[in-house]
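# Observations on the model geometry
Here's the letter readout for the chains.
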Amino acid sequence: MKEQPVRSKDRFLVFGAPAIEEEDIQEVVDSLRSGWLGTGPKVARFEEDFRAYKSAAHAVAVSSCTAALHLSMLAAGLEPGDEVITTPLTFCATINAIVHAGARPVLADVDAETMNLDPAEVEKKITSKTRAILPVHFAGRPCDMDALGALAESHQLIVIEDCAHAIEAEYKGRKAGTLGDFGCFSFYVTKNVITGEGGMVLTRREEDAARIKILALHGMSKDAWKRFSDEGYKHYHVVECGFKYNMMDLQAALGIHQLRRVETNWRRRQQIWERYNSAFAALPLTLPVPAEAGTRHAHQLYTVLVEEQRAGLSRDAFLDAMTAHNIGVGVHYQSIPEHPYYRDRFGWKAEDCPNAMRIGRQTVSLPLSAKLTDEDVEDVIEAVRRVVG
Ligand SMILES: Cc1ncc(COP(=O)(O)O)c(C=O)c1O
């Protein structure tokens, strides 16, 4: 007889479903009723709240982390032929943003345990054309920013942090996103604070924030942001050829309330994280290593490695088996050179970054949303036990 799944199909556990509360819904309704849906006072409030939460100098809200990365690189003044060193264990958006900024991405392998950029590998890739390092705080674990910062300083490189996973992350008492020249955040639906789609750039320098603000709205002068305010019509001037990367008040309405619960949600995910660690300790899986001393992990992704020989099934068979139990799972990420576009364009081979290749072929992300009930968490554990136990 066929085994009963841990959950029934009508209770499929959606991977990364966000925790939405009534106050979030009411704020969105308020925006809808006010008639002010586009960029306006709620975006300004969300920017200020996020800036204060991160103790940053400047914050500019944009339409996505991809936009945040793109505009940071333009504000940094990257030029065609410039090289940006980054990780192969990331979402394609990190690489695409470098390409859209006109620069050339260069991959350095990750550390086998932390899964973050290995500074020794970064150093090997520095050439006379290198202009920037783009670390991704993978899964919410801060990168070795002392070592990367030292490399940047000695080679006069710009540091752009991809903080898509790292809203709550800290490194030696400093907040992720304020350690480099630019910090880029995502509020995509699976992230720790969501606006549906959305992003934020933190900058150290006021000029960079001002340039990003202009670039994010068609290249229109700063006053253009006020042209639909109750201060009356304002003429604007286009001062460069920008993009349509602004955030809407409808999106910020969600973000304002999400941000207020960011620490409560972080504690809930930490609890789930610890429950998984103890429940899976004896299973033939590789679990995440503990957070490094002096750092705070944002707990955005809980990833396990499924090594076929040890686990008795392949990673892809594990994904299928979890789905058959009606538990949603994810893969973060197949290493970048596994994708044909990058192989063809840059001549990369997965074998060139062996740690990222192995992780990308073995990794599985399990549900880790603050929305999960204790029962959901126990269902995930039961399904994993049945699949590899
Ligand atoms: C590491 C990383 N960088 C960049 C992005 C792009 O973020 P967004 O979807 O907000 O553009 C993501 C999104 O999943 C990501 O995980």
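The following refers to the structure shown. Positions within a chain are numbered from 1, following the residues in the order the chain's sequence is written. Note on the predicted model: pLDDT of at least 70 is required for a residue's local features to be given, and 80 or more for side-chain atom pairs to be given and counted; whole-chain, interface and lining totals, by contrast, use all residues. As a convention, hydrogens and water are excluded, and side-chain values are obtained from all of the structure's heavy atoms.

## Digging into the overall build of the protein chain
Rules: Strands are runs of DSSP state E lasting at least two residues, helices are runs of H or I lasting at least four, and both sets are numbered from the N terminus onward. Based on C-alpha atoms, the radius of gyration is set beside the globule rule, defined as 2.2 Å times the residue count to the power 0.38. Only protein chains enter the accessibility calculation, which uses a 1.4 Å probe. A residue is then buried if its area is under 20% of the maximum for its type, exposed if over 50%, and partly exposed in between. Contacts are assigned to residue pairs that have any heavy atoms within 4.5 Å of one another. Accessible surface area values rest on a Shrake-Rupley calculation with a 1.4 Å probe, where residue burial reflects the displayed protein chains alone.
What the protein chain contains, in helices and strands, is 14 helices and 12 strands. Against the compact-globule benchmark of 21 Å for 389 residues, the protein chain has a radius of gyration of 21 Å, which places it among compact chains. Expressed as lengths along the three principal axes of its C-alpha atoms, the size of the protein chain is roughly 70 × 55 × 40 Å. Within the protein chain, the fraction of its 389 residues that count as buried is 56%. Pairs at least 24 residues apart make up 72% of the contacts formed inside the protein chain by residues separated by at least 6 positions. Working note: accessible area of the protein chain is about 16,800 Å², and carbon and sulfur atoms make up 51% of it.

## What about the site of the ligand?
Convention followed: We define proximity as follows: a residue is near a molecule or strand when any one of its heavy atoms falls within 4 Å of that partner. Throughout this description, a polar contact denotes any pair of N or O atoms lying within 3.5 Å of each other; where both atoms belong to protein, one of them has to be capable of donating a hydrogen while the other can accept it, and for residues adjacent in sequence the pair is counted only when both atoms sit in side chains. Polar here means any residue outside two lists: the nonpolar Ala, Val, Leu, Ile, Met, Phe, Trp, Tyr, Cys and Pro, and the charged Asp, Glu, Lys and Arg; Gly therefore counts as polar.
Near the ligand you find 15 residues, and of these Thr66, Asp162, Ser186, Lys191 and Tyr333 are the closest. Between the ligand and Cys65 there is a distance of 2.9 Å, counted from an oxygen atom to a backbone nitrogen or oxygen. Side-chain polar atom of Lys191 to an oxygen atom of the ligand: 2.7 Å apart, as the coordinates give it. Here the ligand loses 93% of its free accessible area of 390 Å² to cover by the protein chains. Counting only elements with at least two residues in the shell around the ligand, the list comes to α3 (65–75) and α4 (92–100). Classifying every residue of the shell around the ligand by side-chain character gives six nonpolar, seven polar and two charged.

## Focus on the environment of Trp273
Locating Trp273 in the fold gives a position in helix α9 (residues 262–280). Placed 26 residues apart in sequence, Trp273 and His299 show a C-alpha to C-alpha distance of 7.5 Å. In this structure Trp273 touches Pro288, His297, His299, Leu301, Tyr302 and Leu368, once residues within four positions along its chain are discounted.

## Topic: the packing of helix α11 (residues 315–324) against helix α14 (residues 374–388)
The condition is simple: A fitted line through C-alpha atoms represents every axis, and for helices the fit uses only the stretch in contact; the resulting angles, taken between N-to-C directions, go from 0 to 180 degrees. Every angle not falling under 35 degrees, over 145, or within 65 to 115 is termed oblique; those three ranges are roughly parallel, roughly antiparallel and roughly perpendicular. Here a crossing is called left-handed whenever its near helix is offset anticlockwise from the far helix by less than a right angle, and right-handed whenever the offset is clockwise.
Running from N to C, α11 and α14 cross one another at 130°; their axes reach a closest spacing of 10 Å. Relative to α14, the element α11 is oriented oblique. Remark: the crossing between α11 and α14 carries right-handed chirality. Where α11 abuts α14, its residues Phe318, Ala321 and Met322 lie against Val380, Ala383, Val384, Val387 and Val388. Each residue belonging to the contact of α11 with α14 can be placed in one class, and the counts come to eight nonpolar, no polar and no charged.

## As for the pattern of salt bridges
Where we set the bar: Between Lys or Arg on one side and Asp or Glu on the other, a salt bridge is scored when a side-chain nitrogen of the former is within 4 Å of a carboxyl oxygen of the latter.
Going through the model one piece at a time under the given rule, you end up with 27 salt bridges. When the shortest N-O distance is used, the salt bridge between Arg51 and Glu48 registers 2.9 Å. Here Arg51 and its partner Glu48 are both found in helix α2 (residues 41–53), three residues apart, which amounts to about one turn of the helix. Given the relative accessible area of 23%, Arg51 is considered partly exposed. In this structure, the salt-bridge partner of Lys124 is Glu121, at a minimum N-O distance of 2.9 Å. In this pair, Lys124 and Glu121 are both assigned in helix α5 (residues 119–125), three residues apart and thus about one turn of the helix distant. Among the ionic contacts, a cluster of salt bridges with common partners joins Arg7, Arg11, Glu375, Asp376 and Asp379.

## Quick look at the nonpolar core
Here is the rule we go by: In this text, buried Ala, Val, Leu, Ile, Met, Phe, Trp, Tyr and Cys residues form a nonpolar core when linked through side-chain atoms within 4.5 Å.
Among the nonpolar cores identified, the biggest contains 30 residues, and Leu69, Leu71, Met73, Val84, Ile160 and Phe182 are the most heavily contacted of them. Of all the secondary structure elements, the ones that give two or more residues to this core are β1 (58–62), α3, α4, β4 (130–134), β5 (158–162), β8 (182–186) and α7 (206–215). When residues in this core are grouped by element, the largest group, eight residues, is from α3. Aside from chain neighbours lying at most four places away, what touches Val84 is Met73, Leu78, Ile98, Ala103, Arg104, Pro105, Val106, Ala132 and Leu134. With 29 residues, the next largest nonpolar core counts Leu283, Leu285, Leu368 and Ile381 among its residues.

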